[in-house]
Amino acid sequence: MTGSPSVALGMRKLAGPWYLMKWLALLAALALQATCSAGSGTDHGGGFSSSQAVELAPTPPMGFNTWNRFGCDVSDGLVREMADAIVASGMRDVGYEYVVIDDCWQVDRDDEGGIIPDPERFPSGMRSLADYIHERGLKFGLYTDVGPKTCQGRPGSLGYELEDARTYAQWGVDYLKVDWCHADSLVAPTHYARFRDAVRATGRPMVLSICEWGRNRPWEWAQDVGQLWRTTSDIQDSWESLLWNLDANERHHEAAGPGHWNDPDMLEVGNGGMTTEEYRTHFSLWAMMAAPLMAGNDLRGMTDEVRGILTNAEVIAVDQDPLGVQGRVVLDRGYGIQVWAKPLSDGSMAVAVFNRRADPMDAYVRWADVGLEPGPAILRDLWSHQELGTHTDSGSYEDRYTTRVPPHGVVMLRITPESPAIPLP
Ligand code: GLA
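Computed from a predicted structure; not experimentally measured. (Residues numbered from 1 in each chain as written. Predicted model: local features only at pLDDT ≥ 70, side-chain atom pairs only at ≥ 80, totals over all residues. Heavy atoms only, no water.)

Q: For this particular structure, what's the right way to read the pattern of salt bridges?
A: Two side chains bearing opposite charge may form a pair once their charged atoms approach each other closely. Counted under the stated rule, the structure contains 25 salt bridges. Of the charged contacts, one joins Asp-247 and Arg-356 as a salt bridge, the two residues approaching to 2.7 Å between their closest N and O atoms. In this pair, Asp-247 is assigned in helix α8 (residues 239–250) and Arg-356 in the loop between β13 (349–355) and β14 (361–365), connecting sequence segments 109 residues apart. According to the relative accessible area criterion, Asp-247 is partly exposed, its value standing at 25%. Exposure remark for Arg-356: the relative accessible area of 21% places this residue in the partly exposed category. Note that Arg-414 and Asp-346 form a salt bridge whose closest N and O atoms lie 3.1 Å from each other. Placement of the pair is Arg-414 in strand β18 (residues 410–417) and Asp-346 in the loop between β12 (337–343) and β13, with a sequence separation of 68 residues. Among the residues examined, Asp-346 registers a relative accessible area of 38% and is labelled partly exposed. One salt-bridge network, in which partners are shared between bridges, spans Glu-81, Asp-298 and Arg-300. (Salt bridge = Lys/Arg side-chain N within 4 Å of Asp/Glu carboxyl O. Helix = DSSP H or I, 4+ residues; strand = E, 2+ residues; numbered from the N terminus. Buried < 20%, exposed > 50% of the residue type's maximum accessible area, 1.4 Å probe, protein only.)

Set out below in structure tokens:
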């Protein structure tokens, strides 16, 4: 990595409408919280208020979901082992919280319409499983579908929204993923709002994860309905799929913020279809996009490399930064090199230099490109965990910071200007 001569230059400031809007949004959110905590912000539907809806996911949810690795092969034993592995691997300590059972846990409804979990795979029932998860300091998530059936043909929730929400609350559910199969004749904003209101009526806060794959432009309406919404079709464990979901999700960066996140789908890290470098890229760019970080691999017996990716606390800190800005491409060089930037709450800038090509490339970063004023800044590499010293971009051509990026790789940096940061409001 090459540096540039240090020239003491003036003040950094946040630049451009992108940042300004986010700071104004943060101020508005703080004002809303103050109003609501003063007692005047209770929403319709009973239960809890809109400020609590933000508090459900002030930063993107993190956890584990069964689908990517296990599909329909879910069971009580598997889920308990995953909860144990989240603790033993150190994942809980770096923020992974939700243990979510995806499709196939449900088999039927009883005479009163109550949903029935698979008695063979979940012989102790869901309450007992939820208790096990809660005892480990984790939270419990379940999956259902807006339509009459789930994507795997299990009973969906259409017409049973209130009843199902009550059941989930009794079981101790903290997170609800709601899918969109068999639902094309329905109206997404209306039908997802039914889940929001049904959950609110129970009085038990649950994160609502909207999963309609971006079909109904959720970035335009889902902020007031759920805490996260899918923007894409299902991810596959391949480089092409990663790129597809990445690009589709990046476009909607303006819709994300505390309490409401774009979801480019769950992680494939560790599932075997990509190289370690590609998984590192996957994790880095999901963090740059403030994406929910739901591990989708077998957490038992992970290799050190996979565990190291999923528990990189410096990259996770970028994802979880309280300013809640979704990073975006600030410069696309047109030959496979992109520069991504995500402003952080302490005034520093997370920067990912991304090489989409199959050969290594030298690439450079200009402070102006990532929204920083000229001047000296301290650089840190978030994968090697090393300080890279002070580098100065004075605005002249020679001062650019140059780095070598491996094929399909990223160099992920935190750039902290030396001049005093503008304090958070
Ligand atoms: C859909 C969702 C996936 C998963 C499956 C389960 O495809 O998008 O994330 O939940 O259904 O059947």
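That covers the picture; the talk isn't over yet.
Q: Even after reading the chapter, I still don't get a negative patch on the surface, so can you show me in this structure?
A: A cluster of acidic residues, Asp-108, Asp-110, Asp-111 and Glu-112, forms a negative patch at the surface. Within the secondary structure, Asp-110 sits in the loop between β3 (106–109) and β4 (115–117). The class for Asp-110 is partly exposed, based on a relative accessible area of 35%. (Patch = residues over 30% accessible without salt bridge, like charges linked within 9 Å, V, L, I, M, F, W, Y side chains within 5 Å. Areas by Shrake-Rupley, 256 points an atom, 1.4 Å probe, with all protein chains shown as cover. Lys, Arg positive; Asp, Glu negative; His and termini not counted. Charge placed at Lys NZ, Arg CZ, Asp CG, Glu CD.)

Q: Sorry, what's going on with the packing of helix α5 (residues 125–135) against helix α6 (residues 161–171) here?
A: For any two helices packed against each other, the geometry is given by the interaxial angle and the distance between the axes. In contact at an axis separation of 8 Å, α5 and α6 are set at 45° when each is read in the N-to-C sense. The orientation of α5 relative to α6 falls into the category oblique. Facing α5, whose interface residues are Met-126, Arg-127 and Ala-130, α6 presents Ala-169, Gln-170 and Trp-171. (Axes fitted to C-alpha atoms, helices over the stretch in contact; angles between N-to-C directions. Parallel < 35°, antiparallel > 145°, perpendicular 65-115°, else oblique. Contact = heavy atoms within 4.5 Å.)

Q: In this structure, what is going on with the sheet that holds strand β1 (residues 62–65)? I would like to understand it.
A: In any sheet, the strands associate via hydrogen bonds between backbone groups, in a parallel or an antiparallel arrangement. With respect to topology, eight strands assemble into an open sheet ordered β9-β8-β7-β6-β5-β2-β1-β10, the strand pairing being parallel. Each end of this open sheet is capped by a strand with a single partner; those strands are β9 (261–263) and β10 (293–295). In this sheet, adjacent strand axes meet at a mean angle of 25° when their direction is disregarded. In this sheet, strand β8 (residues 228–230) lies alongside strand β7 (residues 207–211) in parallel orientation, the contact comprising two bridges. (Pairing = 2+ DSSP bridges.)

Q: Sorry if this is basic, but what is going on with unusual backbone geometry here?
A: Glycine aside, a negative phi is what most residues show, and trans is what most peptide bonds show. Despite not being glycine, His-385 shows a phi value in the positive range, around 60°. Mapping His-385 onto the fold places it in the loop between β15 (375–381) and β16 (386–393). One non-glycine residue, His-408, lies in the positive phi region at around 55°. Assessed through its relative accessible area of 16%, His-408 is described here as buried.

Q: Quick question: what am I supposed to make of the state of the cysteines here?
A: One covalent bond between the sulfur atoms of two cysteine residues makes up a disulfide. Following the criterion strictly, the structure yields two disulfides and no others. The side chain of Cys-72 participates in a disulfide bridge whose partner is Cys-104; the two sulfur atoms lie 1.8 Å from each other. You can see Cys-72 sitting in the loop between α3 (67–70) and α4 (76–88) and its partner Cys-104 sitting in the loop between β2 (98–100) and β3, a full 32 residues away along the chain. What pairs with Cys-151 in a disulfide is Cys-181, and their sulfur atoms sit 2.0 Å apart. (Disulfide = S-S within 2.5 Å.)

Q: What exactly am I supposed to notice about helix α7 (residues 188–202) here?
A: For an α-helix, 3.6 residues make a turn, and residues three or four places apart therefore share a direction. Its 15 residues give α7 an end-to-end C-alpha distance of 22 Å, which sits within 8% of 21 Å, the value for a rise of 1.5 Å per residue. Residues of α7 that are buried: Ala-188, His-191, Tyr-192, Ala-193, Phe-195, Arg-196, Ala-198, Val-199 and Arg-200. The first or second residue beyond α7 is Gly-203, which carries a positive phi of 80°. (Expected span 1.5 Å × (residues − 1).)

Q: Just checking my understanding: could you explain the sheet that holds β16 for this structure?
A: The strand order β11-β12-β13-β18-β15-β16 describes an open sheet built from six strands, whose pairing is antiparallel. Of all the strands in the sheet, the pair left with one neighbour each is β11 (328–332) and β16. Here the average twist between neighbouring strands, direction ignored, is 30°. Of the strands in this sheet, β11, β12 and β13 are in contact with α8, which crosses β13 at around 140°.

Q: When you look at the nonpolar core in this model, what are you seeing that I'm missing?
A: Note on soluble globular proteins: their nonpolar side chains tend to be buried together. Ile-101, Trp-105, Phe-283, Leu-299 and Leu-310 are the most contacted members of the largest nonpolar core, which has 91 residues in total. Contacts of Leu-310, omitting those with residues within four sequence positions, involve Met-91, Val-94, Tyr-96, Leu-267, Val-269, Phe-283, Ala-295, Asn-297, Leu-299, Met-302 and Ile-316. Among the nonpolar cores identified, the runner-up in size contains 19 residues, and Val-351, Met-361, Tyr-401 and Ile-415 belong to it. (Core = buried A, V, L, I, M, F, W, Y, C linked by side-chain atoms within 4.5 Å.)

Q: What exactly am I supposed to notice about the side chain of Gln-338 here?
A: For Gln-338, the position within the fold is in strand β12. The class for Gln-338 is buried, based on a relative accessible area of 5%. Here the side chain of Gln-338 touches Trp-340 through a polar contact of 3.0 Å, side chain to side chain. Those residues in contact with Gln-338 that lie beyond four places of it in its chain are Val-329, Leu-331, Asp-332, Ala-352, Val-353, Phe-354 and Arg-356. (Polar contact = N/O pair within 3.5 Å; in protein donor to acceptor, adjacent residues only side chain to side chain.)

Limitation: the analysis is restricted to geometry and does not speak to function.
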